[in-house]
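Letter by letter, the chains look like this.
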Amino acid sequence: MTRKNFSLLIFILVLFGFALWSIVPFNAKLLGPNGLRLGLDLKGGSQLLYEADLSKKSSSITDEEAMSAVIRKIQRRVNEYGVAEPMIQKEGTDRILVQLPGIKDISRAINLIGETGMLYFAEQKFDETGKPEFDEDGNPVFKDEPAKAINKDGNKEELTGKYLKRAWQDLGAYNEPLVRFEWDSEGAYLFEQITERNLHKQLAIFVDEKVISAPVVQAVISDSGQITGSFTLDEVEDLVTQLNSGALDVPLALIDQRDVDATLGADSVRKSILAVEIGLILLLLFMFLYYRLPGLVACVSLGIYGVFLLAIFKLFHANLTLTLPGIAAAILSLGMAVDANILIFERVKEELRAGRTLGAAVEAGFNRAWPAIWDSNVTTFIACIILFWLGGTFGAFMVRGFALTLFIGVALSMFTAIVVTRTFLRIIVNTRLVTNPAAYGVKT
Amino acid sequence: MIDFVGKRKWFFLLSALVIIIAITSLAAFKLRPGIDFTGGTSMTLRFTPQVEQEQLRQEFTNLGHPETIVQMSGGDFLVRLKEISPQERESLTEGLETSLGSEVIARDYNAISASIAANTARNAGSAVMIAAVAMLFYIAWAFRRMPKPFRWGACAIIALVHDVLIVMGIFSILGRMANVEVNAMFITGLLAVVGYSVNNTVVAFDRIRENMVKGISSDFAVTVNSSLLETLARSLNTSLTTLCVILALFLFGGSTIHLFVAVLLVGLLAGTYSSLFIAGPLMVTWEKGEWGQLFSWIPFGKKPV
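This one's a predicted model, so the numbers in the text were calculated from it and none came from an experiment.

Reading guide: rules and limits
- Residue numbers here run from 1 along each chain, matching the order of that chain's written sequence.
- By the order in which they are written, chains take letters starting at A while ligands take numbers starting at 1.
- Thresholds applied to this predicted model are a pLDDT of at least 70 for local features of residues and 80 or more for the giving and counting of side-chain atom pairs; totals over whole chains, interfaces and linings are not thresholded and use all residues.
- Working definition: helices are DSSP H or I runs of at least four residues, strands are E runs of at least two. Numbering for both runs from the N terminus.
- Buried, partly exposed and exposed are defined by the number of other C-beta atoms within 10 Å of a residue's own C-beta, namely 20 or more, between the two limits, and 12 or fewer respectively, with C-beta atoms placed from the backbone.
- To obtain an axis, a line is fitted to C-alpha atoms, over the contacting stretch when the element is a helix, and the angle between two such axes runs from 0 to 180 degrees between their N-to-C directions.
- Two helices that cross are described as forming a left-handed crossing if the nearer one is turned anticlockwise from the farther one by less than a right angle, and a right-handed crossing if clockwise.
- Residue pairs qualify as contacts under a 7 Å threshold applied to their C-beta atoms, which are placed from the backbone.
- Each residue receives one of three labels: charged for Asp, Glu, Lys and Arg, nonpolar for Ala, Val, Leu, Ile, Met, Phe, Trp, Tyr, Cys and Pro, and polar for the others, Gly being one of them.
- Only strands that DSSP links by at least two bridges are regarded as paired with each other.

1. A short note on the overall build of chain A
Summing up its helical and strand segments, chain A has 10 helices and 12 strands in all. A burial count over chain A gives 42% of its 444 residues as buried.

Okay, structure coming up:
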């Protein structure tokens, strides 16, 4: 028994040492790039939630493929602009959550991603007599829908960026910068019909709902084409980037946008930490005064609990984000950690009053308290899992962070109560360090 | 020995009254939905030099947003209006600066489309529902060796509904009296209450189960009563320690989590009460088959058969 306790103690101490080592030095570095990953609400920045219109995707790929293609493209775009630690993830089946820490100006964030990023062509408008229409400035008017053609399956299909194989920059005959592009086979099939239909007419090229140029179709072309205009080299470069990475396959609608002020976040963190400190001191004081020696042991194991929790957040900072609701969940789980200890100590007290020896009372106390701790915490786990599962659909980062942290916290609280507190108490009892029942809160 | 269970009718009456008030308030005032549930734009505006609330409201109307709700919060204005794009926001704040002749800083810009907002409310509702059903089944399973295990689950869920209704009722009254709005954080808090409430009830039930196995009394009411008394110290101590932290968080924590902590605070109190005075005593009433005469002793109630 003692040997087992001893090895458990060594195990706890090694684990604790490792946890402590991972979070020391306890200073600003802990919040640095490789430290705790702070949520947007603590760091400040912009959050955008997009909904993809999957009905517009090409039918040859699945919804998942279309979504991951869109996510990859957003990622590429965000990376090109050098945002530190962006987070782009899928929420549910057709939503994408984008968090851009440090981007204060939400308009910039939205421009950065591009709202639709679709490439398409529009045909010139003609009146009944077959004459082209012009606006008051004398510019040709184009139909406000993408040009369509019959695809290989015999259906009418819009020719859009989803058929684009690649685009690259090049120089024309007079060294003028231009953009060349290549269609895939389906795109080429459609493009051939459209150019044939519009031979010697103007065809407008739209990217992101803006006319890029409206050249006259000189010949029937199928698998490749070029966009010319009075472009500068920079404009051509931008256009190529837009076509390659910005031409998103499916249109995106921005459905939720938030920008969070970091100063407000920092203030909240500072205040919440102070609050937690005050609460903790009250709590520890209460535990010690009411439960005496076991209370003191519980204080120690709660301290260990805190270090473990921080260490988990530090070690898994790639996946775990610390948010304000997360801090609240940590506090709630602390309450549950205390609860587990209280459940046990009340049992130990009862057993002592019933006249058992100290050792037997401690053992019986833990065994009797276990079903209550287990059943009550499993119900909390169930709530957490459902919250996490449905969390993606509302307030995204808030709810999920809360559920995940509460789950980890409650699991950890069971570990500290059952393993840490028990081992410490067993060692104290077995080594006959303190034998007076009064020290365990029982009047003799 | 204090007889809680014998006085259960009083506890039921108290809870029934509170719940009737809560439901009436929910029906009459509803909850004041934040933009998380309605869609729209919210932001915080700070003017230097300070402007009058009435003046600001007037300017919003002049700039084509008569729907704007302007609230004073500290030195800042919390404004809510229909969904606008960031570009529109810029022209709006610029318009305010010119017409009011005061520099403005806009923070916490938040725009949610109405379609996702409607989803939020529905999802929140189903989250609570699914969680309740899942926990009902878990409790029934955990108490499977007891006679009528689903009864345990059902009583725990009744206590849970009791707590959730009280929290929602109080926030509907607060919404009416103090313009408190519910948002995604409120839902998070409510779900924490769901977890906490059942957690507490299960601890009390666990003791009843143990005492039934021990066979301390042939009378179920006596068994439940002594079980509740035995867990009383634990329940109060746990609630007290959790209260320490939550209260500290409420008093000293940042403003962004204020509503959330308030939900936890109310939920904690309701949860502690219901786990002791509602869930266990309900088991007794059910066991004795007294549903029909629950309120028959009240003069205007139904006469016992």
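Don't stop here, the text continues.
2. Details of the packing of helix α6 (residues 149–178) of chain B against helix α7 (residues 184–214) of chain B
Residue and element names in this part refer to chain B. Two elements in contact, α6 and α7, have axes separated by 9 Å at closest approach and are oriented at 145°. Classified by chirality, the crossing of α7 by α6 is right-handed. Contact with α6, carried on its side by Trp-152, Ala-156, Ala-159, Leu-160, Asp-163, Val-164, Val-167 and Phe-171, involves Phe-186, Leu-190, Val-193, Val-194, Ser-197, Val-198, Thr-201, Val-202 and Phe-205 of α7 and no other residues of that element. Looking at the contact of α6 with α7 residue by residue, the classes come out as 14 nonpolar, two polar and one charged.

3. Points about the pairing of strand β1 (residues 40–48) of chain B
Working note: regular strand, side chains alternate between the two faces of the sheet. All names here are of chain B. Pairing of β1 with strand β4 (residues 103–112), which is carried by eight bridges, proceeds in the antiparallel orientation. Considered in β4, the bridge of Thr-44 is made with Arg-107. For β1 and strand β3 (residues 76–81), the ladder comprises five bridges, and the chain directions are antiparallel. Its bridge partner lying in β3, Thr-44 is registered against Leu-78.

4. What to know about the pairing of strand β3 (residues 95–101) of chain A
Residue and element names in this part refer to chain A. In terms of burial, β3 is largely enclosed, as six of its seven residues are buried. With seven bridges connecting them, strand β1 (residues 45–52) and β3 associate as antiparallel partners. Residue pairing in the sheet places Gln-47 in a bridge with Gln-99 of β3. Two elements, strand β2 (residues 87–91) and β3, share five bridges in a ladder whose sense is antiparallel. Across the sheet, residue Met-87 finds its bridge partner in β3, namely Gln-99. Linking β2 to β3, which pair antiparallel, is a turn of three residues; within it Gly-92 sits at a positive phi near 65°.

5. Section: the interface of chain A and chain B
Contacts between the two partners involve 54 residues from chain A, matched on the other side by 54 residues from chain B. At the level of secondary structure, the elements contributing two or more residues to the side of chain A that touches chain B comprise α4 (106–113), β12 (252–260), α7 (262–315), α8 (324–353), α9 (358–391) and α10 (397–430) of chain A. Examining the composition of the side of chain A that touches chain B, we find that 14 residues originate from one element, α7 of chain A, more than from any other. Here the residues of the side of chain A that touches chain B sort into 34 nonpolar, 11 polar and nine charged. Pairing of β12 of chain A with β4 of chain B, which is carried by three bridges, proceeds in the antiparallel orientation. Counterpart to Gln-257 of chain A in the pairing with β4 of chain B is Ala-111 of chain B.

Functional significance is not addressed by these values, which are geometric in nature.
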